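Fold and geometry: a report
What follows is each chain in one-letter form.
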Amino acid sequence: MRIASIDIGTNTSLLLVADVDEAGNLHTLAHEQRFPRIGRNVDQSRIIHPSNFEQIVLILNQYKSISQRYHADHLIATATSAVRDAVNKEDFLAYVKNKTGIDIEVLDGKEEALWSYRGAISGTPQPFQPVVVLDIGGGSTEVSIPSTNIQKKQEAVDIHQFSYQIGCVRITEQYFGHNPPTIDEIHLAEKTIVDQCNGIPEQDLSTYQLLGVAGTVTTLACLDQKLTEFEVDKVRGYVMKLETVNSLFEMLCTMTVQEIQSLSNATIGREDILTAGALILNIFMKKFHFDSITVSERGLRYGLTVREWERHRSPFTQPHDNQ
């Protein structure tokens, strides 16, 4: 089955075209990334700006053409934090449907966390250590924690999902008024992030691996390896120690947006929000005593592809025992 999945986030709009085999394994055919930032000022105004309507229509029509070129059997599109927070979301959804023919499903925070988790573990070989999945987005941050130490890709496990309003764009707009941010601005942002993280019950996660998805962790992995461009093979599975994350954050918070952009082309589109993302990551790892994070290039798009495959696969098709 060939599925095209579109993820409309606060900062990015992403496309995945993938084949899913009978065992539920994903084989990537194409992926695209754009940075329309439809969540710009949504935290304050609660409005998706009309100019973003046209931007998303343009991007979705491009993605639709790509999916048709690959002869995708199914095309799905979802939206997350910025759209679910906007008071004019129904106008936005209707406009996009009229101009593209695409129905956008708006996920709530827990749905976003669950399918980000499923996407992240879809790329993890078996057997594997149980994982906590951290998805630092533009408008929100999602955390998924399984309640069991035994899990398989196709096994239904009890996943505790948490979604918090501490995304990179949101924190940057709320607190970082200077370039680079001042110490006081960083401290205020830190307090908000810590307060939000306190909503996650204290528990022993020492037996779990931390797996990170989305742009903050993949970009930091590029910077740590001094890559001039994003290279998926060098990012996939890359492990960053807490000390590395802390060092990268301390470097970023002293740099202007222009200086951050000059570090690597991998920062383009998130150069002004990367410091906030690194701060969120740093605080989360310290609070829950993770000494390292493993980077995954997979996330929500991949999880939604798995969900679509599960909806349409034959009831007589069962996953293999080793999956």
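Just so you know, these numbers come straight off a predicted model, no measurement behind them.

**What about the confidence of the model for the protein?**
In the predicted model, the protein carries a mean pLDDT of 89, and the fraction of residues at 70 or more is 92%. The low-confidence segment residues 150–156 (pLDDT under 50) makes 26 contacts with residues lying over four places distant or belonging to another chain. Scored below 50 in pLDDT, residues 316–323 shows 13 contacts in the model against residues more than four places distant or in partner chains.

**Concerning the sheet that holds strand E11 (residues 292–295)**
Strand order in the open sheet made by the six strands is E8-E7-E6-E9-E11-E10, with mixed pairing throughout. The open sheet has two free edges, formed respectively by strand E8 (159–164) and strand E10 (239–241), since each of these has just one partner strand. This sheet shows a mean twist of 25 degrees between the axes of neighbouring strands, independent of strand direction. Here five bridges tie strand E6 (residues 131–136) to strand E9 (residues 209–213), and the two strands are oriented parallel to one another. What sits directly across from Leu134, in E9, is Gly212.

**Let's talk about unusual backbone geometry**
Put simply, Asn179 and Pro180 share a cis peptide bond, and its omega is 0 degrees. Within the fold, Pro180 resides in the loop between helix H6 (168–175) and helix H7 (183–197). Of note, Asn41 is a non-glycine position whose phi angle comes to about 65 degrees, a positive value. Looking at the secondary structure, you find Asn41 in the loop between strand E3 (26–34) and helix H1 (42–45). Its identity is not glycine, yet Lys226 carries a phi of approximately 55 degrees, on the positive side. Its location among the elements puts Lys226 in the loop between helix H8 (215–224) and helix H9 (232–235). In this structure Lys226 comes out as exposed when scored by relative accessible area, which is 72%.

Rules used in this analysis
- Sequence order sets the numbering: in each chain, residues are counted from 1 along the sequence as written.
- Whole-chain, interface and lining totals are the exception, using all residues; otherwise, since this is a predicted model, local features are given only for residues with pLDDT of at least 70 and side-chain atom pairs are given and counted only at 80 or more.
- Processing note: side-chain calculations cover all non-hydrogen atoms of the structure and skip hydrogens and water entirely.
- pLDDT expresses how confident the predictor is about each individual residue, on a scale running from 0 to 100.
- We call two residues in contact when some of their heavy atoms are within 4.5 Å.
- Strand pairing is assigned whenever DSSP identifies at least 2 bridges connecting the two strands.
- A run of DSSP states H or I qualifies as a helix once it reaches four residues; a run of E qualifies as a strand once it reaches two. Both are numbered from the N-terminal end.
- Fitting a line to C-alpha atoms yields each axis, with helices limited to the stretch in contact; the angle taken between N-to-C directions then spans 0 to 180 degrees.
- Only protein chains enter the accessibility calculation, which uses a 1.4 Å probe. A residue is then buried if its area is under 20% of the maximum for its type, exposed if over 50%, and partly exposed in between.

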